[in-house]
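So the chains spell out like this:
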Amino acid sequence: MIKVSVMYPNKAGARFDHAYYRDKHMPLVQARMGAACRFYTVDKGLAGGAPGEPPTYVAMCHIYCDSVEAFQAGFGPHAKEILADIPNYTDLAPVLQISDVVVGQP
């Protein structure tokens, strides 16, 4: 299983609508990807590693798929629509990483 992490860096003055992201954007992603998206999680940044330190990322999502190819097949045909929705919830540029899930839930 692989995990596609989409992370939004915490920058002063940036806009991020957590409710829209949680309730509209991510359900859109899942609907378009269909079975290629096994499940996803959404994180809201709370704090950094030191007391009083802000979170590194204001928000993240993690999309779980069987393989990189499954992700690309599910996301690729809908990329334009999904990416066009980003301005509806943020003015931040996301950082993306694809990881092999070595330990985790089956």
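Computed from a prediction, not measured in an experiment: that's the story for all the values here. Every chain is numbered independently, its residues counted from 1 as its sequence is written. For this predicted model, a pLDDT threshold of at least 70 governs which residues receive local features, and a threshold of 80 or more governs which side-chain atom pairs are given and counted, while totals over whole chains, interfaces and linings are taken from all residues. With hydrogens and water stripped out, all remaining heavy atoms of the structure feed into the side-chain values.

Engineer: I'd like a description of helix α1 (residues 18-33), backed by residues and values.
Structural biologist: Helix length check: α1 (16 residues) gives 21 Å between terminal C-alpha atoms against 22 Å at 1.5 Å per residue, within 8%. At H25, α1 shows its maximal kink, close to 30°; a proline, P27, follows between one and four residues later. Where α1 is concerned, the buried positions are Y20, Y21, H25, M26, L28, V29 and M33. Turning to α1, the residues buried within the fold contact β1 (2-9), β2 (39-44), β3 (57-65), α2 (68-75) and α3 (79-84). Nitrogen and oxygen atoms within 3.5 Å of one another constitute a polar contact, given that in protein one can donate a hydrogen and the other can accept it, and given that sequence-neighbouring residues count only through two side-chain atoms. Only DSSP runs of H or I covering at least 4 residues are called helices, and only runs of E covering at least 2 are called strands; the numbering of each starts at the N terminus. Near the N-terminus of α1, the side chain that reaches the backbone nitrogen of A19, with its oxygen 3.2 Å away, is that of D17. An expected span of 1.5 Å times one less than the residue number is assigned to each helix. Bend at a residue means the angle formed by two fitted axes: the first through the 7 residues ending at that position, the second through the 7 residues beginning there. For the exposure calls, accessible area comes from a 1.4 Å probe over protein chains only, and a residue counts as buried if that area is under 20% of its type's maximum, exposed if over 50%, partly exposed in between. Should any heavy atoms of two residues lie within 4.5 Å, those residues are considered in contact.

Engineer: Could you give an account of the side chain of D85, with specific residues and numbers?
Structural biologist: With respect to the secondary-structure elements, D85 resides in the loop between α3 and β4 (95-100). Neither His nor the chain ends is counted toward charge; the positive residues are Lys and Arg and the negative residues Asp and Glu. Every case where a carboxyl oxygen of Asp or Glu lies within 4 Å of a side-chain nitrogen of Lys or Arg is listed as a salt bridge. For the buried D85, no salt bridge is present, and the opposite-charge side chain at shortest range is K24, 9.2 Å distant. Engagement of the side chain of D85 in a polar contact is seen with the side chain of N88, the distance being 2.6 Å. The residues touching D85, leaving out its near neighbours within four places in the chain, are Y20, H25 and L28.

Engineer: Residue-level account of the environment of K44, with values.
Structural biologist: Tracing the backbone through its elements, the reader meets K44 in strand β2. Considering only alpha carbons, one finds K44 and A73, 29 residues apart in sequence, at a separation of 28 Å. Here K44 is in contact with H18 and V58, once residues within four sequence places are set aside.

Engineer: Break down the pattern of salt bridges for me, citing the residues and quoting the values.
Structural biologist: Taken as a whole and assessed by the stated rule, the structure comprises three salt bridges. We note a salt bridge from R22 to D23, for which the minimum N-O separation is 2.8 Å. You can call D23 partly exposed: its relative accessible area is 46%.

Engineer: Tell me about the sheet that holds β2, and please be specific about residues and values.
Structural biologist: The criterion for strand pairing is that DSSP finds at least two bridges linking the strands in question. Spatially, β2-β3-β1-β4 is the arrangement adopted by the four strands of the open sheet, whose pairing is antiparallel. The two strands at the open ends of the sheet, each matched to only one other strand, are β2 and β4. With strand direction ignored, the average angle separating the axes of adjacent strands in the sheet is 15°. Bridge analysis of β1 against β4 gives six bridges, and the strand direction is antiparallel. Along β4, the bridge assignment pairs V4 with I98. Lines fitted to the C-alpha atoms define the axes, with helices restricted to the stretch that makes contact. Angles between their N-to-C directions range from 0 to 180 degrees. Strands in contact with α1 are β1, β2 and β3; relative to β3, the strand with the most contacts, it is inclined by about 20°.

Shape descriptors only; they carry no functional weight alone.
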